[in-house]
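# Fold and geometry: a report
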Amino acid sequence: MIEAQGKLLVHTKRRGALTGDLFGLFFEDLNHAADGGLYAELVRNRSFEFDPIDRHDYHALTSWEKVERGGGSGVLAVEDSHPLHSRNTHYAVIQVLEEGGGVGLLNLGFNTGISVRQGESYRFSMYAKRDAAWDSQVDIRLEGADGTVHARTALCVHSAEWSRYEAELTAEATDHSSRLVILSHAKGKLCLDMVSLFPKNTFLGRPNGLRADIAALLAEMKPKFMRFPGGCLVHDGSLNSEDRNSMYRWKNTLGDVSQRPPRRNNWGYHQTLGLGYYEYFQFCEDIGAKAIPVLPGGYDPHHKRIVPLEELGPWIDDALDLIEFANGDATTEWGAVRAELGHPEPFGLEYIGIGNEEVGEPFFERYAYFHRAIREKYPDMKIINSSGPFAAGTEYDRGWKSAREMGSDLVDEHYYMSPEWFLANYHRYDHFKADEPKVFLGEYASWGNTYYNALAEAAFMTGLEKNAHAVGLVCYAPMLCNADYVNWKPDMIWFNNHQVFGTPNYYVQKLFMNHQGDQLLHIEAQGFADSPHQVEDVPITGGITLATDRCSARFSDIQLINNVTGEVKSYEGLADEVAPAGYDAGQRLLPSTIDLGGTGWDRYTLRCKAIRTGGKNGFVIRFGVKDEDHHLYWEIGGWQNQDSTLCSRVGGRSSCLTQSLFTVEPDTEYLLELEVSGRSIRASIDGMPIHETVDQLPMIEPLYYSSTVEHATGDIIVKVVNVREESVTAEVELEGMGPGPVAGEVFEMSGCLPTDENSFDAPTRVSPKERAFQAGSGCFTYSFPRQSITVMRLRA
Ligand code: AHR
C-alpha cells in the first residue's frame, strides 16, 4: 500500500457557514447566446428589423433571399407604411409579377442554416396580409440547400389586414442546413412579418421557449441562481428607453413578441428580446435557480452617459416595479402584468443587482438612491452593489466602500485572469469577514477552456467554498457561445445550430453545483511536507521597454536606479520618440518601443518623463520581460484612456493586478516612477502614488480541498483538487462518522492532458467519471491522481 504523504482531517461534527446560494449561473446575450442560441427561434431576422445601427452590414432583409421558381418572377421589398405595430415597423412585401412555380422568400437561419431532424415537428407562424387572391394558397416549406423538400404545408392568407397564421411541420429528413421557404402562387402583393419557426420540442415544451439541448445542460448543473440579462449588455447604451441602442430596460422585454422593440445588442448584433424578463424568470423557476436580475444604475461607463439626479425617478421605479412584477400579488399593478402573462403566483425574487462593474463616482452617487428606495419599500430584498471589472485598486475599493456605507448585501466582483493568478490567489477571501457585505463573484474565468484552466478554477473554487461565510454567490462567465458568432472567449458552453458541448470548465462548475452541500465542515490538512513545487519568491528581473498604446510619445530623462547600491543607469542617446510601428511624414520607420535592455537587480526604480505627442491613450512600460508571453506591464491611459493598470502576463494570458482612474492629457509631461522590490511593485505619477501591489506567484498547495454536508441526505462531501504533476496520497479521516464502514460515490476528473479540450467531435473528452466507493471505516488512504479533481460523497 502506498504510504500517505499527509492527512486530510474532516471534522464532520464541526459545522461552519451555510453555503446558501453559493454556486450559480450568469447569462448574458453575447456570442448569440439568446438569439441563435438558448432562445429556440430558428428564423433569423423574423421581423425584418435588422438595421445597420445593430451592425454595419445588417439590413432589413439580412438572412432573407428572394425565391423565384419555375419561371415565376417578382419583387421583394421592405415597407413600413402600414406596420403590424408601432414598435415593429418593417415588413416584407412580395409582389408577384409572374406566378410560375411560385414566388416568395426564404430564410437562411443561423449558422449553416435551419437545423431540422427527421420526425421532429416544428411550429411555424407568421403575420400576413395580401391585396388579392384570398383563396390562393401560400406554400410553407422546409427545404435543403439543394431544394429537397423536408416538410411542407400550405395556408390561405385571407385578409387585407394583418392576421396571424400558424401551422405545424414535421421533417422527413435530418438536415442542419435547411431553409424556410414561403411561396405565393398568385399575382399581387403578399406582406409578411414575424415569420417564426420553433421546434415543438422546446425545453419543457414551453411556447416561445428555449432550445432543449442547451437548456438541459444548464438544468443538469442544478444551479442555485441565475444572474441575467448581462454584463456590459445592461449598462452600455443610451438613456432613452425608446432608443434602439438604449440600456437594457426590462419593461421593453415583456408581452407579445411582435410588439417588443428591436434592440441593438452592444456586442454588435440584433437582439429580438424574444427571450425577455418573463422568460428569464420562467426559466429560473424551471431549473430551480433563484433569479438575479441586474438593472442599469443610470450610468453608462463606456460612453459616460449619466442620468441627471433629478431624472433618476423612472429608473428607480423600474427597480421597484420589477420587484412588484416578480413578487407582487395579482392585485398589484405589476403583479397583474405577470399574472396576465401566465404566472399568477409570484416568482419569489430575493436578490436584485444595480449596475454591472461600474467604474466612477457618478454610479455610486446614483446607487445610493436606488438602494434607499428599494430598502425602504422592500427591506428583505438583497441588494447587490458593484466593484468594477478589476480585482483590486481604487475603483474596486470605491465599490466596497460604497457597499459598506450603504449596507449593500453583496458586492459584485468581476475578474478574468491567468490560471496562475487563480492558483496564486487561492487564499484571496480568507481574511474577508462574515459581518460585511458578502462577495458576489458575478463574473470570473481563467483565460481558456483547457483542462488546465478547469483545474486551476476548481482549486480556486475550493477556496471560495471554504469562505462561504464571506462569499455569498459565485458564477462563471460567460456562459454560452455560438461557435460561429464569437464575441468573447473563453465560454462555459459552446454550440452551433444542432450541437452543444460543455467545456472542462463546465464540468467543474457542474461538479461544484451538483455537490455544493448546505453547510461547511471544518477540514484541515496535516503533515504534508513542504511542497517541492512551491515557486520560490523570485524577484521581478528581466527586460524593460517603453512603448505606447495607440499614440506617439516622447520619453526623456530615463533612469534605472539600483535601490540597494544606489547605482544609476542613464539612457542618454537612446531614441526617445515612440509611436505605433509605422512611418513618419518623412517616411522614416518609427520605433514602436524603446528597449532599455535587461536588469538582474531585484530592487530598482525606473524613472522617466513621458509626453504624448499624438494619437489617443498613453504609455506602456513593460518590465520583468522574459518574452512576449511572460512579463509585467504598467499601462497608463489604457482602454478608453481612463485607467492606469499594473498587469502581469503569464503564458500569453494577462491578469490585471490593480487599477486606478487616470487619463493621459495631450502635450502634458508626466514623471513616471516604477519601483520594484522583489515581487512588490509601486508606481507613482508626478510624485503621487497610484499603485501598490504584489505580483504573487502560484504557491502550489499539496492539495486544495473543502468539505460540506448536505442536510437532506446527511452526505458528507469532500472536494479535493490536485494540480501537481504526480499523485498525492493522503489519509482521509472523517472524524465523528462513527467506527463503521463508509460508502458512497466518487466523481473524478483526471487522466487528461492540461491542454485537452472538449469539442463538437469529442464533447465529453474531459468530464467526470463516477464510481462507487467503499471503505472499512471513516479513516482511509486515498490517492488523488495527478492533476485531478475529486468529489467524494460519503455516508456511514
Ligand atoms: O462576460 C463578458 C463581459 O465581461 C461582460 O459583459 C462584462 O460585465 C465583463 O466586462
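Here, every reference points to the structure presented above.
As a starting point, this report considers the structure included with it. (Residues numbered from 1 in each chain as written. Predicted model: local features only at pLDDT ≥ 70, side-chain atom pairs only at ≥ 80, totals over all residues. Heavy atoms only, no water.)

Our next topic: the nonpolar core. Counting 157 residues, the largest nonpolar core has F27, F623 and W634 as the members making the most contacts within it. The dominant element in this core, judged by the number of residues it contributes, is helix α9 (residues 451-466), at nine residues. In this structure, F623 is in contact with I540, G543, I544, Y604, H631, L632, Y633, W634, L646, L674, V676 and I681, ignoring residues within four places of it in sequence. (Core = buried A, V, L, I, M, F, W, Y, C linked by side-chain atoms within 4.5 Å. Buried < 20%, exposed > 50% of the residue type's maximum accessible area, 1.4 Å probe, protein only. Helix = DSSP H or I, 4+ residues; strand = E, 2+ residues; numbered from the N terminus. Contact = heavy atoms within 4.5 Å.)

Moving on: unusual backbone geometry. Note that the residue after F228, namely P229, is joined by a cis bond; omega there is 5°. By the element assignment, P229 lies in the loop between β14 (225-228) and α2 (232-235). For N111, which is not glycine, the phi torsion reads 55° and is therefore positive. As for its placement among the helices and strands, N111 is situated in the loop between β6 (102-107) and β7 (114-116). Overall, N111 belongs to the buried group, its relative accessible area being 17%.

On to the packing of aromatic side chains. Enumeration over the complete set of coordinates arrives at 47 aromatic pairs. Taken together, a centroid distance of 5.5 Å and an interplanar angle of 80° make the contact between Y39 and F198 edge-to-face. Highlighted residues: Y39 in the loop between β2 (23-26) and β3 (64-69) and F198 in strand β13 (residues 188-199), separated in sequence by 159 residues. There is no split in this pair, since Y39 and F198 are both buried. Considering the side-chain rings of F281 and F347, the 5.0 Å spacing of their centres and the 15° angle between planes classify their relative orientation as stacked. Here the residue F281 occupies a position in helix α3 (residues 277-287), and F347 occupies one in the loop between α5 (333-341) and β20 (351-354), the gap between them amounting to 66 residues. A residue is classified by how much of its surface remains accessible, and F281, at 2% relative accessible area, is buried. Put simply, the rings of F27, F228, Y248, W250, Y277, Y278, Y280, F281, F325, W334 and F347 pair up and form one aromatic cluster. Between R227 and the ring centre of F26, over which it is positioned, the NZ or CZ distance is 4.1 Å. (Phe/Tyr/Trp six-rings, centres within 6.5 Å; stacked < 30°, edge-to-face > 60°. Lys NZ or Arg CZ within 6 Å of the ring centre and 35° of its normal.)

Taken together, E28, G231, C232, W267, N356, E357, H414, Y416, E443, P478 and W488 make up the full set of residues near the ligand. E28 places a side-chain nitrogen or oxygen 2.6 Å from an oxygen atom of the ligand. Here an oxygen atom of the ligand sits 2.6 Å away from a polar atom, N or O, in the side chain of E443. For the ligand, the protein covers 94% of the area, taking 280 Å² as the surface of the free molecule. Of the residues that constitute the shell around the ligand, the class distribution is five nonpolar, three polar and three charged. (Near = heavy atom within 4 Å. Polar contact = N/O pair within 3.5 Å; in protein donor to acceptor, adjacent residues only side chain to side chain. Areas by Shrake-Rupley, 256 points an atom, 1.4 Å probe, with all protein chains shown as cover. Nonpolar A, V, L, I, M, F, W, Y, C, P; charged D, E, K, R; others polar.)

Here we come to the packing of helix α4 (residues 313-327) against α5. Two elements in contact, α4 and α5, have axes separated by 7 Å at closest approach and are oriented at 45°. Looking at the two axes, α4 sits oblique to α5. The interaxial crossing formed by α4 with α5 has right-handed handedness. Residues D321, E324, F325, A326 and N327 of α4 form the contact with α5, whose participating residues are E333, W334, G335, V337, R338 and L341. Grouping the amino acids of the contact of α4 with α5 by side-chain chemistry returns five nonpolar, two polar and four charged. (Axes fitted to C-alpha atoms, helices over the stretch in contact; angles between N-to-C directions. Parallel < 35°, antiparallel > 145°, perpendicular 65-115°, else oblique. Left-handed = near helix turned anticlockwise from the far one by under 90°.)

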